[in-house]
Amino acid sequence: MIDALVYRSRAKPSLTETELELILLQSRVLNEMRGLTGALIKQGAEIVQYLEGPSDALDRTLARITASPHHDALEVLERASNVERHFDTWHMGFVEFQRQHGRATATAQWMDRLPDVREASARNAPLAVLAERWDAFAANTRHQ
């Protein structure tokens with residue numbers, strides 16, 4: 001069993017797509033070394049990230065994320081202990097709704113996992129928050 005958390009933040013307008021890609025690449029390497037997995041969804045400036053792994057690794061990673069100059073207004077929405085891992089191969093799965101909605105590769109992988117995530121969210125409050133944000137982002141995308 002591991003810990004999990006979900007947070008949201010707001011990307012600063014100065015964050016470029018290239019910088020975001022570099023951050024994701026660095027995060028994947030660090031997350032693998034620390035035993036963390038999860039998913040990040042982004043729509044416009046809003047970022048929602050779910051992380052799961054050892055408690056100490058979550059704390060160190062959250063401190064690094066909080067100190068990042070690329071976003072602000074970080075708020076931990078939910079944290080839980082003793083949950084099952086659900087993103088065992090996603091050292092940082094990423095879905096950006098503005099450009100990758102529909103059946104793009106990252107979205108398709110998430111959508112294939114969504115039924116399992118919804119079922120598991122009854123036992124994992126941070127995962128439930130992530131699924132709720134997914135639904136809100138998807139609804140917003142359909143209305144654009």
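As the structure is a prediction and not an experimental result, all values here were calculated from the model.

Definitions and limits used
Residues numbered from 1 in each chain as written. Predicted model: local features only at pLDDT ≥ 70, side-chain atom pairs only at ≥ 80, totals over all residues. Heavy atoms only, no water. Helix = DSSP H or I, 4+ residues; strand = E, 2+ residues; numbered from the N terminus. Polar contact = N/O pair within 3.5 Å; in protein donor to acceptor, adjacent residues only side chain to side chain. Contact = heavy atoms within 4.5 Å. Buried < 20%, exposed > 50% of the residue type's maximum accessible area, 1.4 Å probe, protein only. pLDDT = per-residue confidence, 0-100. Pairing = 2+ DSSP bridges.

Inspection of the secondary structure puts S9 in strand β1 (residues 2–11). Within polar-contact distance, the side chain of S9 engages the side chain of H71 at 3.0 Å. If sequence neighbours within four positions are ignored, S9 has contacts with A45, E46, I47, H71, D72, A73 and L74.

A separate point is unusual backbone geometry. Phi is positive for A73, which is not a glycine, with a value near 55°. Along the chain, A73 falls in strand β4 (residues 71–83). The backbone phi angle of N82 is positive, close to 55°, even though this residue is not glycine. Residue position: N82 is located in strand β4. Its relative accessible area of 56% is what places N82 among the exposed residues.

Chain-level pLDDT for the chain is 80 on average; 78% of the residues reach the 70-or-more range. For residues 97–107, every residue scores under 50 in pLDDT, and the model assigns this stretch 26 contacts once sequence neighbours within four places are set aside.

Moving on: the environment of G44. Position of G44 relative to the elements: it lies in the loop between β2 (37–43) and β3 (46–53). What makes G44 partly exposed here is its relative accessible area of 23%. In this structure, the C-alpha to C-alpha distance between G44 and F137, residues 93 residues apart in sequence, is 9.8 Å.

Turning to the pairing of β1, a few remarks are in order. By the criterion of burial, β1 is predominantly enclosed, with eight of the 10 residues buried. Of the pairings in the sheet, the one linking β1 to β3 comprises eight bridges and is antiparallel in character. What sits directly across from D3, in β3, is G53.

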